[in-house]
Amino acid sequence: MFAGVTRSRLAASVSRRATATSPHMSQVGATATQRRTQFVGSANLPYRRDDEAGPGGRASNAGVKVAVFGAGGFLGRYVCCDLGTNGVLGYIGQRGDEFELRHLRPMFDLGRSRFVFYSPRDRDSMAEVIADADVVVNLIGKYYETKALANQDKFPFLEYKTNYTFQECNVDIPRTIAELCTEMQVDNLIHVSSLAASPDSQSEWARTKYAGEQAVREAYPWATVVRPAQLFGPEDRLLNWFANVAGRFPVVPLVDGGHALTQPVHMADVAHTIAKIVDEPEKYEGRTVDCFGPQDFTYKELAEFVYDITGQEPVVADVPKSAAIASAKVLQYQGAPSFTPDLMQLWSEDYVPPMTQEEYDAQTNGNDNILTMKDFGIEATPMEKVAFSYLHRFRSGGHFQLVEGYQGNLSTQAGHSGKMFADDSGSGR
C-alpha cells in the first residue's frame, strides 16, 4: 500500500539535507544554532538545513522523517534525543503499552513524534511503523534470549520457553526491516550491529550479529552499517555490571582472569554519529562505520577502575570459562540476568576494532574504506571523564562518604587559614 513511495523523494529532499549553512545564513539561524550547540553540549550535531522551516533544531521542521525500531533500548533513547533536537519527525515503533516509551515523548517537539504499535512477527505492522519515512534506523538487539514460563502436558506441567531467540532478534527481524525498506522504496536504512560480530566467535550473539549484517546487505545493499564497541553510560551493562554484581553476589567472577580486551565507546558519541548519518544519508550509503573508544582495557582493569570509584571491596575471582558457563546456566533464569552462558563466552574474547585509528586513516580502498567517528568530526569521550557521574551512587554514602578530606580536616584547614590570615595581616597588606 506504500508502493507510491519512490526513491524520487531522495532527489527532492537532498537540497534540504545540506551539511552546513551558507556563509550568508541569517542571524536568526546562527543564533539558534549556537543555542542548540550549548544546550546539547556537543558541536557535532548538524547545522540548520537551507530549506528548514524554523530557526534550526528545536521548534523547527527539518523536513526529514525517520522511523526508529528499538528506540526503547539504551542507545535508542539517545538517538531519539538527537533526532528530536534536530527537528526530525520521528516514527517510533513500540511493542508494548503506549506508556512504555513515554520518556521518549519530551525528546521531540509537540506533534513531531508518532508512536506506532508493532509486532516483530507481523510484517504489516512493521510496515505501518515505516510508512513514508525517509530514513529507517534499526537498533533492535538483546544480550540474552528472553524466556518465559509456559504450560506443557506432562509433569512438571511447566517449562521455560524462549520468546525471542538470537536468530530472530539479530537476523530475522533486521532482514524483515531491510526487505520492507526495499519493497517500500525507503531512501536509506541504518542498521546498528556490533564490533564483536564475527562468524568465528564462540558467542552465538556475536555470530548472529554477523549473520544479521549479511542478511541486511543482501536485502538492502545500500544500507549503512554502524558497528559500535561495548557502550558505556548511565544505563550501561558494562561498568554498572561490575558494581551491581559486587552488591548482589558474594563473588565477582573474571572469565579466564579477565584478560580479554574491550574498547568501550560512550553512548552519546554513537548517537551523534547516527544523527550525522541521518543528516546526510545518501553520502554514507553502503558504508560501514566503526565506533570505539580512545583506549582499550582488560575486564580486570575495568573491575579495578569501577571499584576504585565505588569504594566497593568485593571478592574478585579468576574463574575458568567452563566454570563460569556452568554457573551461568543456573543464573540465566533471573529477570534481566547478570550471567548467561553466551555472555561468558563473549567476555572471554577480545571486543575491539579490527584496526587501530591510524590503520583506519591509512586505508586506500576509496568508498570501501571503513569509516570511524573521526570521519564525522566526533572525538571519542574518555571513560574516566564521565564514569564517576553515574557510578558514585554505588558508594555506601554516595560522594559524602569521603569524610576524611571533605569534612574531617576542616579544623586543620581552619587552623591553616587562620595562620595564613595572620601572616597576611602582619605583612602590612
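Preceding this paragraph is the structure being described.
Residues numbered from 1 in each chain as written. Predicted model: local features only at pLDDT ≥ 70, side-chain atom pairs only at ≥ 80, totals over all residues. Heavy atoms only, no water.

1. Points about the layout of surface pockets
Phase 1: In this structure, the second largest pocket occupies an estimated 280 Å³ of space.
Phase 2: The wall of the second largest pocket is formed by 18 residues, among which F292, G293, P294, Q357 and A380 lie closest to the centre.
Phase 3: Grouping the amino acids of the lining of the second largest pocket by side-chain chemistry returns seven nonpolar, six polar and five charged. (1 Å grid on protein atoms, 1.4 Å probe; cavity = no way out; pocket = protein on both sides within 12 Å on 5 of 7 lines; lining within 4 Å. Points joined across faces, edges and corners; volume = space filled by probe spheres on them. Nonpolar A, V, L, I, M, F, W, Y, C, P; charged D, E, K, R; others polar.)

2. Looking at empty space enclosed by the protein
Phase 1: The full count for this structure, using the stated rule, is one cavity of 30 Å³ or more.
Phase 2: In this structure, the largest cavity spans a volume of roughly 50 Å³.
Phase 3: Along the walls of the largest cavity sit W241, F242, P253, L254, V255, G258, Y299, M344 and W347, which together make up its complete lining.
Phase 4: Of all the elements in the fold, those that place two or more residues in the lining of the largest cavity are α7 (239-248) and β10 (251-255).
Phase 5: The element contributing the most residues to the lining of the largest cavity is β10, with three residues.
Phase 6: Among the residues making up the lining of the largest cavity, the classes are represented as eight nonpolar, one polar and no charged. (Helix = DSSP H or I, 4+ residues; strand = E, 2+ residues; numbered from the N terminus.)

3. Details of the side chain of Q345
Phase 1: As for its placement among the helices and strands, Q345 is situated in helix α11 (residues 341-346).
Phase 2: Residue classification places Q345 among the buried positions, given a relative accessible area of 17%.
Phase 3: A distance of 3.3 Å separates polar atoms of two side chains, one belonging to Q345 and the other to K321.
Phase 4: What Q345 contacts, discounting residues up to four positions off in sequence, is Q202, S203, K321 and I325. (Buried < 20%, exposed > 50% of the residue type's maximum accessible area, 1.4 Å probe, protein only. Polar contact = N/O pair within 3.5 Å; in protein donor to acceptor, adjacent residues only side chain to side chain. Contact = heavy atoms within 4.5 Å.)

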